[in-house]
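Commentary on secondary and tertiary structure
Residue-level listing of the chains:
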Amino acid sequence: MIRLPAPDGSTRAYTPRTEPLALTATGPLTSRTVFSAAHVVADPYADTTPDSPAAVDWDATLAFRRHLWSHGLGVAEAMDTAQRGMGLDWAGAAELIRRSAAEARGTGGRIACGVGTDQLTGPASLPEVRAAYEEQLAVVEESGAQPVLMASRALAAAARGPEDYLDLYGHLLRQSSEPVVLHWLGPMFDPALGGYWGSPDLDTATETFLDVIAAHPDKVDGIKVSLLDARREVDLRRRLPQGVRCYTGDDFHYPELIAGDDQGFSHALLGIFDPLGPLAAEAVRLLDTGDTEGFRKALDPTVELSRHLFQPPTRFYKTGVVLLAWLAGHQDHFTMVGGLHSARSLPHLARAYELADRLGLFPDPARAESRMRSLLTVYGVPR
């Protein structure tokens with residue numbers, strides 16, 4: 001039994017489970033393409049400050065990617081889950097891309113990497129935004145990974161309207177050597193991305209987004225939508241050109257979107273599949289056999305945990321993701337680049353532990369309990 005703190009200042013008793021969820025299946029997934037956006041592991045011994053460049057534990061970071069690949073998942077690298085723009089700068093992201101792509105080649109894992117403009121640290125002109133995108137696209141293509149064209153804070157600030165998005169994305173797609181994934185990240189994940197695609201009205205923005213795709217369908221493998229609006233994603237999915245995939249980035253409605261309907265389904269590129277990786281892969285294998293009911297039965301119970309981790313301010317979901325990686329034994333500490341381990345309250349972290357434990361996500365529940373106790377002790381929670 002462990003006593004967990006509640007938001008009202010009280011504590012309550014919780015009895016952890018004694019056995020993890022039994023997950024044994026391995027091998028590729030066939031009915032859906034599934035990427036887990038992966039976190040980075042900080043080096044806890046580095047003498048850094050929140051404003052200094054990230055110090056990354058490369059061995060632990062790459063080991064976590066091998067863990068995801070071993071379950072048949074792809075890795076979405078250097079995305080917002082890896083703290084792009086929230087502790088990890090472009091120099092660190094470029095190193096992460098090169099190292100992870102090399103690891104993917106060695107293990108046969110699938111990898112897609114984020115292309116952005118985060119080397120721009122102040123106001124920038126549209127030509128400067130384009131040059132920044134081109135620099136990052138070259139790094140990803142040279143690494144052999146699939147590019148994911150991420151939403152750009154600099155572009156959101158510099159663009160005068162939809163025509164600037166059409167022009168810039170058209171230029172990037174024409175010069176890309178392989179089809180890319182276009183990423184629409186909503187302002188709940190990054191407030192600086194409000195009004196992306198040239199309008200704060202989502203219907204108007206959607207039309208511009210679709211215009212970009214329609215002009216270059218051979219250069220768009222798919223779209224990754226992170227708006228936390230299932231109905232909008234389904235409507236958008238149904239309007240995509242033939243052969244262009246929808247990768248859900250909706251961490252609130254992913255089971256229903258991946259399961260799909262009689263008119264189609266979404267593939268997945270999700271931050272929540274970082275802590276859910278093995279369970280998510282097991283669920284998709286049920287879809288591979290046509291067992292949609294079994295898939296929903298396996299994955300629906302995880303939504304409560306995901307909604308908890310991604311509750312507003314949503315951009316701080318990474319803190320809960322890294323907590324669960326530590327509790328699960330994927331790293332030896334609960335430290336994050338940029339000091340982001342302090343971004344969520346203790347009651348929030350305690351609830352994340354409880355929900356994950358109930359799902360059986362910890363391979364060693366006793367170790368997870370012991371580590372949670374140590375965190376509670378640091379915060380002064382009485383036993």
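One can find the structure itself at the top, above this paragraph.
Residues numbered from 1 in each chain as written. Predicted model: local features only at pLDDT ≥ 70, side-chain atom pairs only at ≥ 80, totals over all residues. Heavy atoms only, no water.

Observations concerning the sheet that holds strand β4 (residues 74-77)
Which entries qualify depends on this criterion: Pairing between strands is defined by DSSP: at least two bridges between them are needed. A helix here means a DSSP run of H or I that spans at least four residues, while a strand means a run of E at least two residues long, and both kinds are numbered starting from the N terminus. Each axis is a line fitted through C-alpha atoms, taken for helices only over the stretch in contact, and angles between the N-to-C directions span 0 to 180 degrees.
Ordered in space as β3-β4-β5-β6-β7-β8-β9-β10, the eight strands form a closed barrel in which the pairing is parallel. Between one strand and the next, the sheet's axes are offset by a mean angle of 25°, whatever the strand orientation. By the bridge criterion, four bridges tie strand β5 (residues 111-115) to strand β6 (residues 146-149) in an arrangement that is parallel. Among the inter-strand pairings, Ala112 is bridged to a residue of β6, identified as Gln146.

Re the packing of helix α9 (residues 277-288) against helix α10 (residues 292-299)
Rules: We call two directions roughly parallel when the angle between them is under 35 degrees, roughly antiparallel when it is over 145, roughly perpendicular when it lies between 65 and 115, and oblique otherwise. Take the far helix as the reference: if the near one is turned anticlockwise from it by less than a right angle, the crossing is left-handed, and if turned clockwise, right-handed. Only heavy atoms matter for contacts: two residues are in contact if any of them lie within 4.5 Å across the pair. Note on residue categories: nonpolar means Ala, Val, Leu, Ile, Met, Phe, Trp, Tyr, Cys or Pro, charged means Asp, Glu, Lys or Arg, and polar means any other residue, Gly included.
Their axes nearest at 7 Å, the elements α9 and α10 cross at an angle of 165°. Relative to α10, the element α9 lies roughly antiparallel. In this structure, the crossing between α9 and α10 has a hand that is left-handed. Together, Leu279, Ala280, Ala283, Val284, Leu286 and Leu287 of α9 and Thr292, Gly294, Phe295, Ala298 and Leu299 of α10 make up the contact between the two elements. Considered class by class, the residues forming the contact of α9 with α10 number nine nonpolar, two polar and no charged.

Remarks on the side chain of Arg285
Here is the rule: Residue burial is assigned from relative accessible area. The probe radius is 1.4 Å, only protein chains are included, and a residue is buried under 20% of its type maximum, exposed over 50%, and partly exposed in between. Counted charges follow a simple rule, with Lys and Arg positive, Asp and Glu negative, and His plus the chain ends left uncounted. Salt-bridge detection follows one rule: a side-chain nitrogen of Lys or Arg within 4 Å of a carboxyl oxygen of Asp or Glu. Pairs of N or O atoms within 3.5 Å make up the polar contacts considered here, provided that, within protein, one atom can donate a hydrogen while the other can accept it, and that residues adjacent in sequence are counted only when both atoms are side-chain atoms.
Structurally, Arg285 is set in helix α9. It turns out Arg285 is buried and unbridged, and the closest side chain with the opposite charge, Glu282, is 4.7 Å from it. From its side chain, Arg285 meets the backbone oxygen of Gly27 in a polar contact 2.4 Å long.

Concerning the pattern of salt bridges
Per the stated rule, a full pass over the model turns up 20 salt bridges. For Arg351, the salt bridge is made with Glu354, and the minimal N-O distance between the two is 3.4 Å. Pair noted here: Arg351 and Glu354 are both in helix α13 (residues 346-359), with a separation of three residues, about one helical turn. Taking relative accessible area as the criterion, Arg351 reaches 24% and is therefore assigned partly exposed. Since its relative accessible area comes to 2%, Glu354 is described here as buried. A salt bridge links Glu369 to Arg373; its shortest N-O distance comes to 2.9 Å. Taken together, the positions of Glu369 and Arg373, both in helix α14 (residues 365-378) and four residues apart, correspond to about one turn of that helix. The exposure class of Glu369 is buried, given its relative accessible area of 17%. Each member of the salt-bridge network shares a partner with another, and the members are Arg12, Glu304, Arg351, Glu354 and Arg358.

Structural notes on helix α2 (residues 90-107)
The following threshold applies: Expected span, for any helix, means 1.5 Å times one less than how many residues it has.
Between the first and last C-alpha of α2 there are 25 Å, a value that for 18 residues agrees with the 26 Å anticipated at 1.5 Å per step. Buried within α2 are the following residues: Trp90, Gly92, Ala93, Ala94, Leu96, Ile97, Ser100, Ala101 and Ala104. Looking at the packing, one finds that the buried side of α2 touches α1 (58-70), β4, β5 and α3 (126-143). The positive-phi residue at the C-terminal boundary of α2 is Gly108, with phi of around 80°.

Describing the nonpolar core
How we decide: The criterion is simple. A nonpolar core is a set of buried Ala, Val, Leu, Ile, Met, Phe, Trp, Tyr and Cys residues joined through side-chain atoms within 4.5 Å.
Formed by 119 residues in total, the largest nonpolar core has its most connected members in Leu155, Tyr169, Leu182, Tyr196, Ile223 and Phe273. It is α13 that provides the largest number of residues to this core, a total of eight residues. Once residues lying within four places of it in the same chain are set aside, the contact partners of Leu155 are Leu126, Val129, Tyr133, Tyr165, Leu168, Tyr169 and Tyr196. Grouped together as the second largest cluster of nonpolar side chains are ten residues, Phe35, Ala76, Met79 and Tyr247 included.

Observations regarding unusual backbone geometry
Of all residues except glycine, most have a negative phi; of all peptide bonds, most are trans. Between Pro312 and the following residue, Pro313, the backbone shows a cis peptide bond with an omega angle of -5°. Tracing the backbone shows Pro313 in the loop between α11 (303-309) and α12 (317-327). A positive phi angle, close to 55°, is found at Ala78, a residue other than glycine. Within the element layout of this structure, Ala78 appears in the loop between β4 and α2. Here Ala78 falls in the buried class, since its relative accessible area comes to 0%. For Trp197, which is not glycine, the phi dihedral falls at a positive 70°. On the secondary structure map, Trp197 appears in the loop between β7 (180-185) and α6 (202-215).

Describing the environment of Asp251
Relative to the assigned elements, Asp251 resides in the loop between β9 (245-248) and α8 (254-259). Taking the C-alpha atoms as reference points, Asp251 and Leu305, separated by 54 residues in sequence, lie 10.0 Å from one another. Setting aside chain neighbours within four positions, we find Asp251 in contact with Phe189, Leu228, Leu270, Gly271, Ile272, Ser306 and Phe310. A distance of 3.3 Å separates a polar atom in the side chain of Asp251 from the backbone nitrogen of Ile272.

As for the packing of aromatic side chains
The geometry of an aromatic ring pair comes down to the distance between the two centres and the angle between the two planes. Quick reminder of the rule: Each pair of aromatic rings taken from Phe, Tyr and Trp, with Trp reduced to its six-membered ring, is defined by centres within 6.5 Å and is described as stacked if the planes are under 30 degrees apart, edge-to-face if over 60, and tilted in the remaining cases. In this analysis the charged atom, NZ for Lys or CZ for Arg, is taken to sit over a ring once it is within 6 Å of the ring centre and within 35 degrees of the ring normal.
Tallied over the full model, the rule gives 16 aromatic pairs. An angle of 75° between the planes, with centres 4.9 Å apart, marks the rings of Tyr165 and Tyr196 as edge-to-face. Taken together, the positions of Tyr165 in helix α5 (residues 162-175) and Tyr196 in the loop between β7 and α6 put the pair 31 residues apart, joining distant regions of the chain. Exposure remark for Tyr165: the relative accessible area of 1% places this residue in the buried category. The rings of Tyr133, Tyr165, Tyr169, Trp184, Tyr196, Trp197 and Phe209 are connected pair by pair, giving a single aromatic cluster. The cationic tip of Arg32 hangs over the ring face of Phe265; the distance from NZ or CZ to the ring centre is 3.5 Å.

Nothing here speaks to function; it is all geometry.
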